Amino acid sequence: MNRFFSQISMAFNLLIRHFFVNFILIVLLCISVLFSNFAIIEVKSIQDNYEIVFSLPSHKTVLYMVSYDVTKYKGNNFLDLSEINSFYSVGKVRYGPVNDNSRMYFYSKALIDNLAIPLSEGNWNCSVKTIRGTNYYPIIISKETSQYQYGKTAVIRFQNGTYINVYVCGVLSPSQKFVNLTMSTNSANSDHLIKECNPDTVTFFGIDELYPTFAKEITYECDTRFIFFEDNITSEQFNRNYNIIKNQGYAYTYEQLLNNSQYHIKQGYTYYIPLLICLLLLCTIGIVSFTVLSIKNNQYYYSCFLLCGGRKKDCVNLALINVLLIILISFLITFFITNLLIQTGALSGWYKITLLNVVCTLIIYLFNLFVSWVITKLALKNKTVLQLLKVEE
């Protein structure tokens, strides 16, 4: 035990004695961990968005986005489906503010039936409940709070002073992903359609057909919408319908939307993975250089151990404890910086601590510790005790 505490004491001395070199390694580790977690979260978020769009059960689907050149001539009545004879349903979204912070989204039932928006608990397909003569409307919330709990009733008060009784029938998954049709683009992909809720507020989601008119009066209907056709229509019918829709704005088939989304995923991999590999290689070179330099500069301490009856194993342990201290300091600094950025809102949308983040962080630190251990073992393996005792001035 005394030997162990002696090693820790000497490791602290090494840390202070070579502070500049150690500081560079600490900064390198911090950057590697922070960027690695950021890259993984970003790539996973893109992949999750793709999975939601990929969940569309029917390939006979068209996504319509308004072209504002069209609205110059047609005003707000820019989408006319009267020429389409095949059976179809329209997936629409209405949205509006509940108060200064929270938003309310009303999804048409067709959208919920065709897109799998993930929930941590509950079900989208719930009906209105009547309790002691009062109607309670089903609501999905982005997260639970003291005011809104799964399975409980609540009152939502709108900005215009009206209120509505609801019961919480579901809670979004921890990723807080939802379908957002508020934007238009001539190159749509899953990232344009799937967004994350503001983590600081509660966002509400309801089925449009279930709610009374007064609850929807403060909301606005999104220009973007899905048109879902029956699978049994022929390819000729579908192509005819697609051309009718395309002539009124931007239109994308299921295949086009997936192709755009896959291309976006590849761009994410192309952007983040090479940077991640370069950063990890730089970190590995840094830990190797640090270890070799540490062995050379700390021969004085190794000789102290050996003169006091220590073994070469103690020298290896001293080097590893020194690296462990650097990793610990790096972790504390990384945790402090991350927490600071969270408090300022700079990390909103990707700061969630998941199992993937924990595993990624552990792998980086354990890998650096393993590399240091291997280099130390190899460097000291061919050195005799006499060579370690010979301190170079």
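Residues numbered from 1 in each chain as written. Predicted model: local features only at pLDDT ≥ 70, side-chain atom pairs only at ≥ 80, totals over all residues. Heavy atoms only, no water.

Q: Looking at this structure, how should I read the overall build of the chain?
A: Of regular secondary structure, the chain possesses twelve helices and 15 strands. Put simply, the chain has 393 residues, and 46% of those count as buried. Total accessible area computed for the chain in this model is approximately 20,700 Å², and 59% of it derives from carbon and sulfur atoms. (Helix = DSSP H or I, 4+ residues; strand = E, 2+ residues; numbered from the N terminus. Buried < 20%, exposed > 50% of the residue type's maximum accessible area, 1.4 Å probe, protein only. Areas by Shrake-Rupley, 256 points an atom, 1.4 Å probe, with all protein chains shown as cover.)

Q: Sorry, what's going on with the nonpolar core here?
A: The nonpolar side chains of a soluble globular protein tend to be buried, and buried together. Counting 38 residues, the largest nonpolar core has Y107, W124, L193, F205 and F226 as the members making the most contacts within it. Residues in contact with Y107, not counting those within four places in the same chain, are K92, V93, I112, I117, W124, F178, V179, F205, G206, I207, D208 and E209. Judged by nonpolar contacts, the second largest core, of 19 residues, contains Y137, V166, A215 and I218. (Core = buried A, V, L, I, M, F, W, Y, C linked by side-chain atoms within 4.5 Å. Contact = heavy atoms within 4.5 Å.)

Q: What is the right way to look at a nonpolar patch on the surface in this model?
A: Together, L355, V358, V359, L362, I363, L366 and F367 line one region of the surface with nonpolar side chains, adding up to about 670 Å² of accessible area. By relative accessible area, L355 is classed as exposed at 68%. (Patch = residues over 30% accessible without salt bridge, like charges linked within 9 Å, V, L, I, M, F, W, Y side chains within 5 Å. Salt bridge = Lys/Arg side-chain N within 4 Å of Asp/Glu carboxyl O.)

Q: Where do I start with unusual backbone geometry in this structure?
A: Phi is mostly negative for residues that are not glycine, and the peptide bonds are mostly trans. Residues other than glycine seldom take positive phi values, yet R132 does so here, at roughly 50 degrees. For R132, the location among the structural elements is in the loop between strand 6 (129–131) and strand 7 (134–141). The residue Q176 is not glycine, and still its phi comes out positive at about 55 degrees. In this structure, Q176 sits in the loop between strand 9 (163–172) and strand 10 (177–179). Since its relative accessible area comes to 8%, Q176 is described here as buried.

Q: Explanation requested: the confidence of the model for the chain in the structure shown.
A: Regions with low pLDDT carry predicted coordinates that are not meant to be interpreted in detail. The predicted model of the chain averages 79 in pLDDT, with 79% of residues at 70 or higher. Looking at the elements of the chain, mean pLDDT is at its lowest for helix 3 (residues 68–74), recorded as 52, and at its highest for strand 12 (residues 204–207), recorded as 93. With pLDDT under 50 throughout, residues 71–75 is counted as low confidence; its partners more than four residues away or in other chains account for three contacts. (pLDDT = per-residue confidence, 0-100.)

Q: Explain the packing of aromatic side chains here, please?
A: When we look at a pair of aromatic rings, we describe it by the centre distance and by the angle of the planes. Counted by the stated rule, this structure contains 17 aromatic pairs. Where Y105 meets F205, the ring centres are 5.5 Å apart and the plane angle is 20 degrees; that geometry is what we call stacked. Placement of the pair is Y105 in strand 4 (residues 103–107) and F205 in strand 12, with a sequence separation of 100 residues. Of the residues examined, Y105 reaches a relative accessible area of 4% and is grouped as buried. Following the ring pairs from residue to residue traces out a cluster consisting of Y95, Y105, Y107, W124, F178, F205 and Y220. The aromatic ring of Y167 is capped on one face by K129, whose charged end is 4.4 Å from the ring centroid. When the ring centre of Y163 is taken as origin, the NZ or CZ atom of R157, which lies over that ring, is 5.2 Å away. (Phe/Tyr/Trp six-rings, centres within 6.5 Å; stacked < 30°, edge-to-face > 60°. Lys NZ or Arg CZ within 6 Å of the ring centre and 35° of its normal.)

Q: Please explain the sheet that holds strand 2 (residues 88–91) as it appears in this structure.
A: Picture the strands of a sheet paired through backbone hydrogen bonds; they go either parallel or antiparallel. One open sheet holds the four strands; their spatial order is 2-14-1-15, and the pairing between them is antiparallel. In the strand order of this sheet, the two ends are held by strand 2 and strand 15 (249–253), each with one partner. The sheet shows a mean angle of 25 degrees between the axes of neighbouring strands, taken without regard to direction. Bridge count for strand 1 (residues 61–66) against strand 14 (residues 225–229) is four bridges, and the pairing is antiparallel. Within strand 14, the position partnered with Y64 by the bridge is R225. Along the sheet, helix 7 (residues 235–246) contacts strand 1, strand 14 and strand 15; its crossing angle with strand 15, the most-contacted strand, is approximately 150 degrees. (Pairing = 2+ DSSP bridges. Axes fitted to C-alpha atoms, helices over the stretch in contact; angles between N-to-C directions.)

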